Amino acid sequence: MDERLKTILELFAQPAFFSKDGLVVWRNSAAGSLLNEGTSLHSILENEDSLFSKWSRSSTLNLSVFLGGCEYEVTVLACGEYDLFISFKRQAESNMEARALSRASVSLRKQLHSIVNAADSLFEQLPDEYSGSDAAAMLNQTIYRFIRLCGQMADGSQLLLGRKEAKKELIDLDRFFSDFVKQVKPLVASVGFDFQYHACPEKIQANVDSALLERALYNLLTNAITYTPKGGSILLKTEKQGHLFFISMIDDGDGIAPAVSPALFCQFIECNIGDPRRGTGLGLPIVREIARLHGGSLSVSNRTDPSGTVATFTISLARTPIQLHSKAIRYDYGGEFNHALIELSEVLEAKLYNPNEVQ
């Protein structure tokens with residue numbers, strides 16, 4: 001271990017520790033009361049263990065650990081034969097922000113309803129030469145973006161506050177993913193990306209909330225398109241290992257910037273002001289909470305050859321007891337609007353939202 005690096009880590013307020021061969025071999029003072037040397041990584045990684053074992057060690061890895069009974073976000077770096085964990089405790093005030101976000105989403109939905117009704121009336125009255133114009137398409141796209149924003153705020157805040165239940169049903173995963181790819185592939189191609197799907201060779205059924213699983217996929221796909229230069233490739237890959245189902249979104253884009261990496265899973269973290277890719281900072285935290293509702297978790301790491309990002313989340317394939325009740329009534333945040341056009345509205349071109357062709 002680099003003694004100079006250990007001296008620097010002692011200055012950190014955040015817990016930091018080194019591991020080797022699955023055991024903690026050194027920790028700084030901030031981590032001293034949270035774990036001991038000799039602690040097994042398996043005991044603190046919990047659901048993240050399988051994701052950590054798949055890490056290539058060629059880049060940074062972002063996931064969660066439990067230290068002293070509390071959850072911490074960690075960035076993991078390979079340092080020779082050791083792995084360095086630098087931790088960031090989840091901020092308590094994030095729950096306050098999530099509650100404020102939930103209240104704001106209610107107010108926004110009221111305004112959104114009025115906007116949608118007004119736009120429907122306006123588009124019906126526009127002369128033909130204007131209804132197919134770029135301006136009309138841009139207005140329609142903005143409405144779709146507004147619908148997505150309200151959905152992210154409403155469902156996202158409930159997920160982050162632990163108030164949302166997964167309404168699971170037994171589904172065919174191969175069919176679910178095939179249908180998803182069939183819907184999004186032409187849309188992704190329309191903005192200049194090659195989108196491929198490598199399916200798990202096994203036919204698997206699992207108890208999942210298909211609406212939440214779809215939301216997770218769209219968040220990862222939007223991120224991949226946002227941070228990959230046009231002409232790049234995006235791969236959706238699924239595989240089974242033991243009782244877990246792995247879902248990966250892999251791109252050949254810019255990768256995760258070092259300045260962003262440590263706080264990647266922190267709620268409401270966003271790009272620098274002025275960056276056109278700036279978002280709400282809710283995407284990855286939402287995906288992770290959806291994974292947790294399915295007995296899994298999320299990891300994000302950089303690729304090195306070629307460059308890019310790998311975002312992987314898992315869901316448990318363990319069968320849950322059959323519940324004898326009527327089928328749950330689902331609230332559809334998108335109403336009659338196409339989910340793909342809603343969820344990808346930030347990255348698709350406005351021409352796809354021509355009100356003559358899509359409402």
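A brief structural summary.

Rules behind the numbers
Residues numbered from 1 in each chain as written. Predicted model: local features only at pLDDT ≥ 70, side-chain atom pairs only at ≥ 80, totals over all residues. Heavy atoms only, no water. Helix = DSSP H or I, 4+ residues; strand = E, 2+ residues; numbered from the N terminus. Buried < 20%, exposed > 50% of the residue type's maximum accessible area, 1.4 Å probe, protein only. Areas by Shrake-Rupley, 256 points an atom, 1.4 Å probe, with all protein chains shown as cover. Contact = heavy atoms within 4.5 Å. Salt bridge = Lys/Arg side-chain N within 4 Å of Asp/Glu carboxyl O. Pairing = 2+ DSSP bridges. Phe/Tyr/Trp six-rings, centres within 6.5 Å; stacked < 30°, edge-to-face > 60°.

1. A short note on the overall build of the protein chain
Of regular secondary structure, the protein chain possesses 10 helices and 12 strands. Here the protein chain holds 359 residues, and the buried ones make up 48% of them. For the protein chain, the accessible surface area stands at approximately 17600 Å², while carbon and sulfur atoms represent 52% of it.

2. Thoughts on the environment of Ser50
One can find Ser50 in helix H3 (residues 49–53). Here the alpha-carbon distance between Ser50 and Gly242, two residues 192 residues apart in the chain, equals 9.9 Å. Sequence-distant contacts of Ser50, that is, excluding residues within four places in its chain, are made with Leu244, Phe246 and Thr314.

3. Some words on the pattern of salt bridges
Pairing between side chains becomes possible if they bear opposite charge and their charged atoms approach one another. Taken as a whole and judged by the stated rule, the model has 16 salt bridges. With its nearest N and O atoms 3.7 Å apart, the salt bridge here joins Lys230 to Glu349. Placement of the pair is Lys230 in the loop between helix H8 (210–226) and strand E9 (233–241) and Glu349 in the segment after helix H10 (339–343), with a sequence separation of 119 residues. One salt-bridge network, held together by shared partners, links Arg148, Asp155, Lys164, Arg215 and Glu343.

4. Some points on the pairing of strand E11 (residues 298–304)
Across the 7 residues that make up E11, a large majority, 5, are buried. Of the strand pairs in this sheet, strand E3 (residues 61–67) and E11 are connected by 2 bridges, and their pairing is antiparallel. Bridge assignment links Asn62 to a residue of E11, and that residue is Val300. Bridge count between E11 and strand E12 (residues 307–316): 7 bridges; the pairing is antiparallel. Its bridge partner being in E12, Ser301 is matched across the sheet by Val310. Hairpin connection of E11 to E12: 2 residues between the antiparallel strands.

5. What about the packing of aromatic side chains?
Using the criterion set out here, one finds 11 aromatic pairs in the structure. Aromatic side chains Phe17 and Phe85 sit 4.7 Å apart centroid to centroid with 10° between the ring planes, which places their arrangement in the stacked category. Separated by 68 residues along the polypeptide, Phe17 in strand E1 (residues 16–20) and Phe85 in strand E5 (residues 82–89) bring together distant segments of the chain. Look at Phe17 and you get buried, because its relative accessible area is 0%. A centroid spacing of 5.8 Å and a plane angle of 35° characterise the contact between Phe52 and Phe85, whose relative ring orientation is tilted.

Function cannot be inferred from these measures alone, as they are strictly geometric.
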